[in-house]
Amino acid sequence: MDVYEAVDSRRAVRAFTDEPVPKETLERVLAAAARAPSSGNLQPWHVYVVTGGPLAELKKRATARARAGDPGDEREYPMYPADLTSPYLDRFAAAAAQRYAALGIERDDPDRPRKIAALNTDAFGAPVVLFCYLDRAMGPGQWADAGMYLQTVMLLLRAEGLHSCPQVMWTMYRETVARAVGADEGLALLCGVAVGFEKEGVPRLRTGRADMTETVSFIGG
């Protein structure tokens, strides 16, 4: 797949089939992704690939917490700044409205938080979830490295005909995840990434992007 095509077709898919993803495909993607940029070549990420019975059990436990209205574990880092302002707040609100509509959840539904959480803890039906951790000693630079690594993974998944959905939501249930994967206490969960084949016949969400003039400045000739 052309790189431009991979970038353009990558999006957060929220409806997957239960078709298994071959282990050799995941191994090929993750081996190639190791070439992602890494300052000082630290390669600070540690990924747990969860499938089959262990994933089903993890989904079951996390979904039970979500449906019970469990507010989740103490956050180790905020998903968004508390004082988010425009234009970022405007972009966030517009994307949220699109997302709720695509999921068939009304914004004024009093049970909306639980419904959204339960969809997330099921990983939208994905048969694979990658959990990306970093050593707690790492700083912002290494977290940036991990972001570039995960983007590389997601683009390589597109080359394999697969889709993905990065899920910071899993940090809300990080203790449940840690027990499931056996993560050392010295590791912090950055996010999960749902992986699989997209389910056909469901609304597809493709959020808009700001015009380049809003985010890019050319200096010089």
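Refer to the preceding data block for the structure.
Model, not experiment: these values are computed from the prediction.

## Some remarks on unusual backbone geometry
Then comes step 1: Of note, the amide linkage connecting Ser86 to Pro87 takes the cis form, showing an omega dihedral of 10 degrees.
Then comes step 2: The residue Pro87 is located in the loop between α3 (52-67) and α4 (88-103) in this model.
Then comes step 3: Of note, the phi angle at Ala123 is positive, near 55 degrees, even though the residue is not glycine.
Then comes step 4: Following the sequence through the fold, Ala123 ends up in the loop between α5 (112-121) and β2 (128-135).
Then comes step 5: Using a relative accessible area of 0% as the deciding quantity, one classes Ala123 as buried.

## Comments concerning a nonpolar patch on the surface
Then comes step 1: A contiguous nonpolar surface patch, about 400 Å² in accessible area, is contributed by Met79, Tyr80, Leu89, Phe92 and Val168.
Then comes step 2: Turning to its location among the elements, Phe92 is positioned in helix α4.
Then comes step 3: Given the relative accessible area of 32%, Phe92 is considered partly exposed.

## Some points on the environment of Glu27
Then comes step 1: Mapping Glu27 onto the fold places it in helix α2 (residues 23-33).
Then comes step 2: Judged by relative accessible area, which is 46%, Glu27 ranks as partly exposed.
Then comes step 3: Sequence separation between Glu27 and Leu89 is 62 residues, and the spatial gap between their C-alpha atoms is 38 Å.

## Comments concerning the packing of aromatic side chains
Then comes step 1: Under the definition given, this model contains 5 aromatic pairs.
Then comes step 2: Here Tyr80 and Phe92 contribute two aromatic rings whose centre-to-centre distance is 5.0 Å and whose plane-to-plane angle is 70 degrees, an arrangement assigned as edge-to-face. Placement of Tyr80 in the loop between α3 and α4 and of Phe92 in helix α4 is noted, with a sequence separation of 12 residues between them.
Then comes step 3: Take Tyr80: its relative accessible area is 46%, and that puts it in the partly exposed class.
Then comes step 4: Ring geometry for Phe131 and Trp170: centres 5.3 Å apart, planes at 85 degrees, overall edge-to-face. You can see Phe131 sitting in strand β2 and its partner Trp170 sitting in the loop between β3 (163-167) and α7 (174-181), a full 39 residues away along the chain.
Then comes step 5: Judged by relative accessible area, Phe131 falls into the buried class, the value being 0%.

## Points about the side chain of Ser164
Then comes step 1: Here Ser164 shows up in strand β3.
Then comes step 2: Taking the relative accessible area as the measure of exposure, Ser164 reaches 1% and is therefore buried.
Then comes step 3: Apart from the residues lying within four places of it in its own chain, the contact partners of Ser164 are Arg11, Ala12, Val13, Phe16, Met154, Leu157, Val193, Ala194 and Val195.

## Focus: the packing of α3 against α7
Then comes step 1: Where α3 contacts α7, the two axes come as close as 10 Å, and the packing angle between them is 165 degrees. Here α3 is positioned roughly antiparallel relative to α7, judged by the angle of their axes. For the crossing formed where α3 meets α7, the hand is right-handed. Only Thr176, Val177 and Ala180 of α7 make contact with α3, whose side of the interface consists of Leu58, Arg61, Ala62 and Arg65.
Then comes step 2: Partitioning the contact of α3 with α7 into residue classes produces 4 nonpolar, 1 polar and 2 charged.

Rules of the game
- Residues numbered from 1 in each chain as written.
- Predicted model: local features only at pLDDT ≥ 70, side-chain atom pairs only at ≥ 80, totals over all residues.
- Heavy atoms only, no water.
- Helix = DSSP H or I, 4+ residues; strand = E, 2+ residues; numbered from the N terminus.
- Buried < 20%, exposed > 50% of the residue type's maximum accessible area, 1.4 Å probe, protein only.
- Patch = residues over 30% accessible without salt bridge, like charges linked within 9 Å, V, L, I, M, F, W, Y side chains within 5 Å.
- Areas by Shrake-Rupley, 256 points an atom, 1.4 Å probe, with all protein chains shown as cover.
- Salt bridge = Lys/Arg side-chain N within 4 Å of Asp/Glu carboxyl O.
- Phe/Tyr/Trp six-rings, centres within 6.5 Å; stacked < 30°, edge-to-face > 60°.
- Contact = heavy atoms within 4.5 Å.
- Axes fitted to C-alpha atoms, helices over the stretch in contact; angles between N-to-C directions.
- Parallel < 35°, antiparallel > 145°, perpendicular 65-115°, else oblique.
- Left-handed = near helix turned anticlockwise from the far one by under 90°.
- Nonpolar A, V, L, I, M, F, W, Y, C, P; charged D, E, K, R; others polar.

Geometric descriptors of this kind do not, in isolation, establish any biological role.
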